[in-house]
Amino acid sequence: MAEVVGVRFKVVGKIYYFDPAGVQLKKGDNVIVETARGIECGEIAMENRDVDEDQIVKPLKSIIRKATPEDLKIVEENKEKEKRAFKICEERIQAHGLEMKLIDVEYTFDSSKILFFYTAPTRVDFRELVKDLASIFRARIELRQIGVRDETKMLGGLGICGKPFCCSQFLSDFEPVSIKMAKEQGLSLNPVKISGSCGRLMCCLKYEQEVYEHLARHTPKVGAIVETADGRGEVVESNLLTGVLKVILDSKRDAAPQTYHCKDVKLIMNPKVKIEKEELEALKEIAEEPVDETLS
């Protein structure tokens, strides 16, 4: 076991472990630490606690010191520098005719390095831009291309639910979201309805997926063959949340479907869930992984 504290460098960013160096720190305290990017000022997101050694990425670096009023003043000054750097970089991008969109600028605490985050449809040759920026700011320059989900997280906004984006409010990491989740939850596979402002599948599809997976294991799908008290039939409608099924009996194909609860029928054969070709083409644009026509 090792004593650590969790430090966060962005409002809704990842939490990194550091050695508290014998100092008892409280949540919300600002600290100065050394990172792979250089000296940074972060905020304590997790107070002193013991964790297993296998949870630590070694070497575990120590907190340099608790931030002083002078340190916090430097942080505020860096924020003003970032605004100026953003404007200058945009001007230089335009001057070089580069097809890229600047999203954010970050100074390290000691101003020895400046990171410029951007998006672009293709790879960009920004070597001349880096030389320009280095001569202007007299610091190490790093241009980092980010994806559309990271862009949305940085910029923030309101989702279709009317609330601030989950990614900019509380999601520190992006979890994989798949078309299979939307299909299993009985949602329309219309890209407009299941994609977020970033143009990718909505993160909230993940929230209830575990419950739907549990229910799906005990509820026959549409097209399943089941044995009922009235004979064998085919499921034509299935409600995962209530467990209610509508079944057309083989002995009464022309009659209206009969209603049963999933607990009262015996599953004979469960089909695979299929995605129509038209849906498949539309979904390729918003899926972050290959979309199969058939989902088990």
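Since the model is a prediction, treat every value here as computed from it, not as a measurement.

Colleague: Which residues make up the overall build of the chain, and what are the values?
Modeller: On a plain count of helices and strands, the chain comes out with eight helices and 15 strands. For 296 residues, the compact-globule formula gives about 19 Å, and the C-alpha radius of gyration of the chain, at 27 Å, lies well above that figure. On the principal axes, the C-alpha backbone points of the chain span a range of 85 × 50 × 35 Å. By residue count, 38% of the 296 residues in the chain fall in the buried class. In the chain, 56% of the contacts between residues at least 6 apart in sequence involve partners at least 24 apart. A total accessible area of about 18000 Å² is found for the chain, and carbon and sulfur atoms account for 50% of it. One finds the centroid of the 46 positive side-chain charges in the chain at a distance of 1 Å from the centroid of its 51 negative side-chain charges.

Colleague: Before we move on, could you go through the pairing of strand S11 (residues 244–249) and cite the residues and values that matter?
Modeller: When strand S10 (residues 231–238) meets S11, the two strands line up antiparallel, connected through five bridges. Across the sheet, the residue bridging to glycine 233 is leucine 249, located in S11. Linking two consecutive strands that pair antiparallel, namely S10 and S11, is a turn of five residues; a positive phi of about 80° is found at glycine 243 within it. When S11 meets strand S12 (residues 258–261), the two strands line up antiparallel, connected through four bridges. Counterpart to leucine 245 in the pairing with S12 is tyrosine 260.

Colleague: Please provide a residue-by-residue account of the confidence of the model for the chain, values included.
Modeller: Considering every residue of the chain, the mean pLDDT works out to 88; 92% of them sit at 70 or more. Counting contacts from residues 290–296, a segment whose pLDDT is below 50, to residues more than four positions away or on other chains yields 23 contacts.

Colleague: Give a description of the side chain of serine 195 that names residues and reports values.
Modeller: Mapping serine 195 onto the fold places it in the loop between helix H6 (191–194) and helix H7 (209–218). Serine 195 sits in the buried class, given a relative accessible area of 13%. Among the polar contacts listed, one links the side chain of serine 195 to the backbone oxygen of proline 191, at a separation of 2.5 Å. Not counting residues within four places of it along the chain, the set of residues in contact with serine 195 comprises Arg200, Leu201, Met202 and Ile286.

Colleague: Go over unusual backbone geometry with me, naming the residues and quoting the values.
Modeller: The residue after lysine 58, namely proline 59, is reached through a cis peptide bond having omega 0°. The residue proline 59 is located in the loop between strand S4 (38–51) and strand S5 (63–66) in this model. Its identity as a non-glycine residue notwithstanding, serine 111 has a phi of 60°, on the positive side. You can see serine 111 is positioned in the loop between strand S6 (101–107) and strand S7 (113–119). The phi torsion at arginine 138 lies on the positive side, around 55°, for a residue other than glycine.

Colleague: Can you explain the packing of helix H1 (residues 69–96) against helix H2 (residues 127–137)? Please cite residues and give values.
Modeller: Where H1 meets H2, the closest approach of the two axes is 10 Å, and the angle between their N-to-C directions is 145°. Once H1 is placed against H2, the crossing between them reads as right-handed. On H2, the residues touching Arg84, Ala85, Ile88, Cys89, Arg92, Ile93 and His96 of H1 are Glu128, Leu129, Asp132, Leu133, Ile136 and Phe137. For the contact of H1 with H2, the per-class residue count stands at eight nonpolar, one polar and four charged.

Criteria and cut-off values
In this convention, every chain numbers its residues from 1, walking through the sequence in written order. Totals for whole chains, interfaces and linings use all residues, but because this is a predicted model, local features are given only for residues with pLDDT of at least 70 and pairs of side-chain atoms are given and counted only at 80 or more. Only heavy atoms go into the side-chain values, all of them from the structure, while hydrogens and water stay out. Helix and strand definitions here come from DSSP, where helices need a minimum of 4 consecutive H or I residues and strands a minimum of 2 consecutive E residues; each element is numbered from the N-terminal end. As defined in this context, the radius of gyration uses C-alpha atoms, and a globule is described by 2.2 Å times the residue total to the power 0.38. For every residue, the accessible area (1.4 Å probe, protein chains only) is compared with the maximum for its type, and the residue is labelled buried under 20%, exposed over 50%, or partly exposed between those bounds. In this analysis, two residues are considered to be in contact whenever any of their non-hydrogen atoms come within 4.5 Å of each other. Note that accessible areas follow from Shrake-Rupley with a 1.4 Å probe, and for residues the cover is restricted to the protein chains shown. The charged-residue count follows a simple rule in which Lys and Arg add positive charge and Asp and Glu add negative charge, with His and chain termini not counted at all. Note on charges: their place is set at NZ of Lys, CZ of Arg, CG of Asp or CD of Glu. Only strands that DSSP links by at least two bridges are regarded as paired with each other. On a range of 0 to 100, pLDDT expresses the predictor's confidence in each residue. A 3.5 Å cut-off defines polar contacts: any pair of N or O atoms within that distance qualifies, except that in protein one atom must be a possible hydrogen donor and the other a possible acceptor, and neighbouring residues in sequence count only when both atoms are side-chain atoms. For every element, the axis is a line fit to its C-alpha atoms; helices are fit only across the contacting stretch, and the angle between N-to-C directions ranges from 0 to 180 degrees. Left-handed describes a crossing in which the near helix is turned anticlockwise from the far one by less than a right angle; the clockwise case is right-handed. Under the convention adopted here, Pro, Cys and the residues Ala, Val, Leu, Ile, Met, Phe, Trp and Tyr are nonpolar, Asp, Glu, Lys and Arg are charged, and Gly plus all remaining residues are polar.

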